Amino acid sequence: MPISTPAQIRLPLDIPHVNVVDTKQTGDGQFLITVESRKKTTTCGICKQEIPCNYGHGEKVTLRHLPILGQETYIVLRPRRAQCATCRHQPTTTQKLSWYEQRSPHTQAYDRYLMKQLIGSCIKDVSLKEKVGYDAVVGALQRQIDSEVNWDEIQNLGTIGIDEVAHKKGRKSYRAVITARQDDGTVIVLAVLNNRKKRR
């Protein structure tokens, strides 16, 4: 009897400017996807000029990403490094890519995913369900919500939303999230208040 080949599918990573080098699944089911940057240049941290990435690679970075088939998924990357020939001491710079932030344990796509998981749940619940630390969920929340509103991004204030979200378990442990729906259907967070009373 011939051995059947497992069915396979292709999934988008939601990550720009990278090539997939290797994909494997660990014994406990986690997916590890190793990628490399397609961008050949970066910006010098001092003179801000565009310089070629010709100085090897930095330390390996492992970032939590969107789950695949319910399993934890991690993106593994060794960011490119560059050396500026123009600056006096020829400093080196590690390439920064748009889909994750420095010192963040997650991709930006996973941060947005955690924000959706917080709908109808508290931070502790999401931490337990996703098997990430409480502080990691708080960090994702802080990265997704600016401390100040950029009014240049606001098209109109025609539709305002006021929602209560659980800050922690227990009665009266809520925050009020103020949002505005834009013409293209996107929702922008305007403020997170300690309560929904009229007087702040």
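Details of the structure are given in the entry above.
Quantities reported herein were computed from a predicted structural model and do not represent experimental measurements. (Residues numbered from 1 in each chain as written. Predicted model: local features only at pLDDT ≥ 70, side-chain atom pairs only at ≥ 80, totals over all residues. Heavy atoms only, no water.)

(A) Representation of the nonpolar core within the structure. Counting residues in each nonpolar core, the largest one holds 13 residues, and the members touching the most others are Val 35, Ile 75 and Trp 99. Contributing elements (two or more residues each) for this core: β2 (31-37), β5 (61-68) and β6 (71-77). Apart from the residues lying within four places of it in its own chain, the contact partners of Ile 75 are Leu 13, Ile 15, Ile 33, Val 35, Val 61, Thr 62, Leu 63, His 65, Trp 99 and Thr 107. Core analysis: the second largest hydrophobic core is formed by eight residues, Leu 114, Ile 123, Val 132 and Ala 140 among them. (Core = buried A, V, L, I, M, F, W, Y, C linked by side-chain atoms within 4.5 Å. Buried < 20%, exposed > 50% of the residue type's maximum accessible area, 1.4 Å probe, protein only. Helix = DSSP H or I, 4+ residues; strand = E, 2+ residues; numbered from the N terminus. Contact = heavy atoms within 4.5 Å.)

(B) Quick peek at the pattern of salt bridges. Following the criterion strictly, the structure yields three salt bridges and no others. In this structure, the salt-bridge partner of Arg 112 is Asp 14, at a minimum N-O distance of 3.4 Å. Highlighted residues: Arg 112 in helix α1 (residues 108-117) and Asp 14 in the segment before β1 (18-25), separated in sequence by 98 residues. Owing to a relative accessible area of 37%, Arg 112 belongs among the partly exposed residues under this scheme. Glu 130 serves as the salt-bridge partner of Arg 64, at 3.7 Å between the closest nitrogen and oxygen. Residue Arg 64 is located in strand β5, and its partner Glu 130 is located in helix α2 (residues 123-130); the two are separated by 66 residues in the primary sequence. (Salt bridge = Lys/Arg side-chain N within 4 Å of Asp/Glu carboxyl O.)

(C) Up close: helix α3 (residues 134-144). Within the span of α3, buried status applies to Val 137, Gly 139 and Ala 140. Looking straight down α3, one finds its buried side chains confined to an arc of 160°; they lie on one side. Facing away from the buried side of α3 by over 90 degrees, the exposed positions are Asp 135 and Gln 142. (Arc of directions from axis to C-beta.)

(D) Local environment of the environment of Cys 87. Among the secondary structure elements, Cys 87 is positioned in the loop between β7 (81-83) and β8 (92-94). Residue Cys 87 is classed as buried on the basis of its relative accessible area, which comes to 11%. C-alpha separation for the pair Cys 87 and Cys 47, spaced 40 residues apart in sequence, amounts to 6.9 Å.

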